[in-house]
Amino acid sequence: MKNGVVIVGAGHAGVQAAASLREEGYDGPVILVGDENELPYHKPPLSKTFIKDQQAKPQPLRGEAFYTGSAIDFRPGIRVERIDVGGRRLEISGGGVLPFDRLILATGARPRLLPLPGSELSGVVSLRSLGDARLIRELSAQSEEVVILGGGFIGLEIAATLTAAGRKVTVVEAVDRLLGRAVAPVIAGHVRQRLEATGVRILTGTTIERLEDENGRVSAAITSSGERLPAQMVVIGIGVVPNVELAEAAGIAIGNGIRVDQQMRTSVPEILAIGDAASYRHWFTGGDVRLESVQNATDQARLAARTIVGHTDNYSAVPWFWSDIGDMKLQMVGLIAGGDSHVVLGDVVENKFSIYHYAGSRLLGIESVNRPGDHMLGRKMLGAGFSPSPQIVATGPDGLKAALAAFQQAEPARAAG
Ligand code: FAD
């Protein structure tokens, strides 16, 4: 393959795909094109630590030497404008073309916008990139009061971080609970209670109708109940939309993301898609999903590289996710939608507990708050295909470890997979 593999998007998925191609022994050209003018960086710290510390530096995904040392041709600051599927080449910003033998689309997602009167004002921001985080950090230094629109993971992480940095923060969430359907109600209620205890004001069942300004800079948010919330910064955190336009314009199949099969191939087999931009039929639930997590981006990237070098294994990684909200380390493993019962281990009041979710007798997933051991064990159990009964869960971590070991001994072949 003389033109090699071109990867579009130098985020978590794109960088891992480049690295994995080399790890899998691919020795053709690997070209990594990204439209940001940065050394690729970790996104999770942006909302957790970076925005409160004026001195904090971005954390690179890999050091600069990695790209040259692995013969990865990293090209920052270049936007891919069009895919010429038949001609197997890309049109890039500045007018150039880039031929490819195989193409990996790792274009990620972008913040969902809100048609809100005043959303164009200075001081109204959202957080996806390092550039956004730098702006938030700068604006936050000039803001005493902050309104965050959206009570999802990123909105709540920012709320906790800025409150710890001394800002007066109000979170406005349209539905009647936090964190949407991503977590169980008991976790959502717990997070709310602890955030409120630190001084975050949370308004659920409320929206923002419009933003007011003073000399072009936002000065207040007016809620659906008519309350005026003074704010020198408004953060819009109402989720993301996948970057599918490039693929869509090329005629590639789309459905809440770029559709891929179990080997990450799109409807055009020499073009693969991975990470936040990709949607697929999930092996665990049987439903169509598009997951937004570092784990998903990284594992799909590894699999895409294996597909390119000729392996045919299917995507079967156990999904997991984490979020740090104030003094709560939330960790989730599995997918809990469709659960009909649960078992709790630990102590909610002590801020250390895990919820084991079941559909019938099948363990779907575990949500943990400050119980990392439960999370790690959960990853092992679900990875091994082991579904302990609620009675075994109730025996605690030692009982679970013993039951997993017995299961693996009885089914060594499965455990090894
Ligand atoms: P991205 O990392 O978004 O990378 C896509 C890249 O492609 C971007 O640089 C984009 O600019 C570029 N691009 C798009 N179109 C083009 C084009 N046409 N030409 C060139 N380049 C293009 N996940 C967790 O699991 N745990 C967490 O705690 C967590 N915290 C997060 C906190 C924040 C603030 C954010 C924003 C995300 C967080 N996530 C977290 C989610 C996680 O970062 C994403 O799931 C992950 O970044 C997805 O990787 P990706 O490579 O698919 O997309």
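Before any of the text, the structure's been laid out above.
A brief structural summary. (Residues numbered from 1 in each chain as written. Predicted model: local features only at pLDDT ≥ 70, side-chain atom pairs only at ≥ 80, totals over all residues. Heavy atoms only, no water.)

**As for the site of the ligand**
Argument step 1. Taken together, 31 residues lie around the ligand, and Asp35, Glu36, Lys48, Arg128 and Asp276 are the ones closest in.
Argument step 2. Contacts to the ligand include aspartate 35, whose side-chain N or O atom sits 2.5 Å from an oxygen atom.
Argument step 3. In the model, an oxygen atom of the ligand is placed 3.0 Å from a nitrogen or oxygen of the valine 294 main chain.
Argument step 4. Look at the ligand: alone it shows 990 Å² of surface, and the protein chains cover 95% of it.
Argument step 5. Listed by contribution, the elements that provide at least two residues to the shell around the ligand are α1 (12-23), α2 (44-48), α8 (294-308) and β22 (320-325).
Argument step 6. Element by element, the count of residues in the shell around the ligand is highest for α2, at 3 residues.
Argument step 7. Its residues placed into classes, the shell around the ligand shows 14 nonpolar, 9 polar and 8 charged. (Near = heavy atom within 4 Å. Polar contact = N/O pair within 3.5 Å; in protein donor to acceptor, adjacent residues only side chain to side chain. Areas by Shrake-Rupley, 256 points an atom, 1.4 Å probe, with all protein chains shown as cover. Helix = DSSP H or I, 4+ residues; strand = E, 2+ residues; numbered from the N terminus. Nonpolar A, V, L, I, M, F, W, Y, C, P; charged D, E, K, R; others polar.)

**Here's the deal with the nonpolar core**
Argument step 1. Core analysis: the biggest nonpolar cluster contains 78 residues, and Ile7, Ile83, Leu90, Leu105 and Tyr356 have the highest contact counts within it.
Argument step 2. Contact partners of leucine 90, with chain neighbours within four places excluded, come to Val6, Val8, Val80, Arg82, Ile83, Gly96, Val97, Leu98, Phe100 and Leu103.
Argument step 3. Grouped together as the second largest cluster of nonpolar side chains are 40 residues, Ile136, Leu156, Val169 and Ile187 included. (Core = buried A, V, L, I, M, F, W, Y, C linked by side-chain atoms within 4.5 Å. Buried < 20%, exposed > 50% of the residue type's maximum accessible area, 1.4 Å probe, protein only. Contact = heavy atoms within 4.5 Å.)

**Quick look at the sheet that holds strand β6 (residues 97-99)**
Argument step 1. Pairing in this open sheet of 3 strands is antiparallel, and the strands run β4-β5-β6 from one edge to the other. Each edge of the open sheet carries a strand with a single partner, namely β4 (80-84) and β6. In this sheet, neighbouring strand axes are inclined to one another by 25° on average, regardless of whether the strands run parallel or antiparallel.
Argument step 2. The pairing of strand β5 (residues 89-92) with β6 spans 3 bridges and is classified as antiparallel. Bridging from a neighbouring strand, arginine 89 pairs with proline 99 of β6. (Pairing = 2+ DSSP bridges. Axes fitted to C-alpha atoms, helices over the stretch in contact; angles between N-to-C directions.)

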